[in-house]
Amino acid sequence: MFGFKKKEVVPVQPEQENEIAFAHESPLRPCQMDKEFFLDLWDILHRDGGFIWVASIGTEDDILGDKGKDNRASIPISTWEDLENEMRTRDWVDAFSLVAEVEEKGTVTILFRNFVPATGYLVVAGNDEEWVDDTFDELMDLFYDCEQQGKGKLLYSKPGFGIVQSVIPLVTAGAIVVVINMLLLYIFPELSLFFWYLTTASILLTLKIGVVISNRMLKRIMHDYPYLTYEE
């Protein structure tokens, strides 16, 4: 549950033991960013002095994720003002990634994907345990404050997404196939002699129609209620 500060120890490979001593990670729920969010994020990252960072914003329009998670089109961001401006002015943000390194402290990684499977993730890692703990807690509080409410929140819950992706499409497809079978048997009664063939064809047709309905619903709903949004 978002807001419940889930801290997980990230396994450290032997060759990394001298580089990373502490790490916390957590999934992030649907987020609604704004200008104040970027100001607060800057303050958290800048708390211990300067930091270096890289960021990018995805530009694909592939909500169903058919192109996979890698090698998707994106643009690099060079300044903090451009980062906020790109989020504010774009009609659609396919993905958002930010990696910041605070010297002698550690790194922060923030990732959001606006395509199936839509997700958000936060990782804070470093050698300073107190810095890792404090930064992780502050960022989780920040994302908790930016968590989407209403339809966006309900949609991306496990029950909500399951209903949209599976339950509604399969029930609708099943009803369509039942009506088709009733019409066919009414017009061609002799088809009842091929009951098993008709049953097999009905199952396959139900699944096929279900996939089509599911894809269309996901594209429409995720476009109207993105996992990551920007609001003035």
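Conventions used here
Residues numbered from 1 in each chain as written. Predicted model: local features only at pLDDT ≥ 70, side-chain atom pairs only at ≥ 80, totals over all residues. Heavy atoms only, no water. Axes fitted to C-alpha atoms, helices over the stretch in contact; angles between N-to-C directions. Helix = DSSP H or I, 4+ residues; strand = E, 2+ residues; numbered from the N terminus. Parallel < 35°, antiparallel > 145°, perpendicular 65-115°, else oblique. Left-handed = near helix turned anticlockwise from the far one by under 90°. Contact = heavy atoms within 4.5 Å. Nonpolar A, V, L, I, M, F, W, Y, C, P; charged D, E, K, R; others polar. Polar contact = N/O pair within 3.5 Å; in protein donor to acceptor, adjacent residues only side chain to side chain. Expected span 1.5 Å × (residues − 1). Bend = angle between axes of the 7 residues up to and from the residue. Buried < 20%, exposed > 50% of the residue type's maximum accessible area, 1.4 Å probe, protein only. Phe/Tyr/Trp six-rings, centres within 6.5 Å; stacked < 30°, edge-to-face > 60°. Lys NZ or Arg CZ within 6 Å of the ring centre and 35° of its normal. Pairing = 2+ DSSP bridges. Core = buried A, V, L, I, M, F, W, Y, C linked by side-chain atoms within 4.5 Å. Patch = residues over 30% accessible without salt bridge, like charges linked within 9 Å, V, L, I, M, F, W, Y side chains within 5 Å. Areas by Shrake-Rupley, 256 points an atom, 1.4 Å probe, with all protein chains shown as cover. Salt bridge = Lys/Arg side-chain N within 4 Å of Asp/Glu carboxyl O.

> Got a sec to walk through the packing of helix α1 (residues 35-45) against helix α2 (residues 80-89)? Specific residues and values, please.
Each pair of packed helices can be described by the angle between their axes along with the distance between the axes. Two numbers describe how α1 lies on α2: the axes approach to 10 Å, and their chain directions differ by 150°. Classed by the angle they form, the pair α1 and α2 counts as roughly antiparallel. Between α1 and α2 the crossing geometry is right-handed. Residues Lys-35, Phe-38, Leu-41, Trp-42 and Leu-45 of α1 pack against Trp-80, Leu-83, Glu-84 and Met-87 of α2. Among the residues making up the contact of α1 with α2, the classes are represented as 7 nonpolar, no polar and 2 charged.

> Residue-level account of the side chain of Ser-56, with values.
Tracing the chain through its elements places Ser-56 in strand β3 (residues 51-58). Polar contacts involving the side chain of Ser-56 include one to the side chain of Ser-97, which spans 2.8 Å. Setting aside residues no more than four positions away along its own chain, Ser-56 makes contact with Ser-74, Ile-75, Pro-76, Ile-77, Ala-95, Phe-96 and Ser-97.

> Before we move on, could you go through helix α5 (residues 158-187) and cite the residues and values that matter?
Along its 30 residues, α5 runs 43 Å from first to last C-alpha, staying within 8% of the 44 Å computed at 1.5 Å per residue. Of all the bends found along α5, the most pronounced is centred on Val-164 and spans about 40°. Among all positions of α5, only Gly-160, Phe-161, Val-164, Pro-169, Ala-173, Val-177 and Asn-181 are buried.

> Before we move on, could you go through the packing of aromatic side chains and cite the residues and values that matter?
Overall, the coordinates contain 12 aromatic pairs when judged by the stated rule. Look at Tyr-156 and Tyr-227: their rings are 4.9 Å apart centre to centre, the planes differ by 80°, and that puts the pair in the edge-to-face class. Of this pair, Tyr-156 sits in the loop between α4 (151-155) and α5 while Tyr-227 is found in the loop between α6 (195-224) and β8 (228-230), placing the two residues 71 residues apart along the sequence. Among the aromatic residues, those joined into a cluster by ring pairs are Phe-37, Phe-38, Trp-42, Phe-51, Trp-53, Trp-80, Phe-96, Phe-112, Phe-143, Tyr-156, Tyr-227 and Tyr-230. A cation over a ring is seen here: Arg-72 above Phe-115, with NZ or CZ 3.7 Å from the ring centre.

> Break down the sheet that holds strand β6 (residues 106-113) for me, citing the residues and quoting the values.
With respect to topology, 6 strands assemble into an open sheet ordered β1-β7-β6-β5-β3-β4, the strand pairing being antiparallel. Strand pairing shows two members of the sheet lacking a second neighbour, β1 (22-27) and β4 (74-77), which therefore form its edges. Adjacent strand axes in the sheet meet at a mean angle of 10°, parallel and antiparallel pairs treated alike. Packed on one face of the sheet, α1 meets β3, β5 (95-102) and β6 and runs near 25° to β5.

> How would you explain the nonpolar core if you had to name every residue and give the values?
Grouped together as the largest cluster of nonpolar side chains are 53 residues, with contacts concentrated most on Met-33, Phe-96, Ile-110 and Phe-112. Here this core gets 7 residues from one element, more than from any other, and that element is helix α3 (residues 129-145). Each residue touching Ile-110, except ones within four places of it in the same chain, is listed here: Leu-28, Leu-41, Phe-96, Ser-97, Leu-98, Tyr-121, Leu-122 and Phe-143.

> Tell me about a nonpolar patch on the surface, and name the residues and values.
A cluster of nonpolar side chains, Ile-176, Val-179, Ile-180, Leu-183, Leu-184, Tyr-186, Ile-187, Phe-188 and Leu-205, forms an exposed patch at the surface whose accessible area comes to about 830 Å². Considering each element in turn, the nonpolar patch owes the most residues, 7 residues, to α5. Structurally, the position occupied by Ile-176 is in helix α5. Under the relative-accessibility criterion, Ile-176 is labelled partly exposed at 35%.

> Please give an account of the pattern of salt bridges that cites residues and values.
For the coordinates displayed, the defined rule picks out 9 salt bridges. A salt bridge links Glu-86 to Arg-90; the shortest N-O distance between them is 2.9 Å. When its relative accessible area of 21% is taken as the criterion, Glu-86 is described as partly exposed. A salt bridge links Arg-220 to Asp-224; the nearest nitrogen and oxygen atoms lie 3.2 Å apart. Of this pair, Arg-220 and Asp-224 both sit in helix α6, 4 residues apart, which is roughly one turn of that helix. On the basis of relative accessibility, which here comes to 41%, the residue Asp-224 falls in the partly exposed class.

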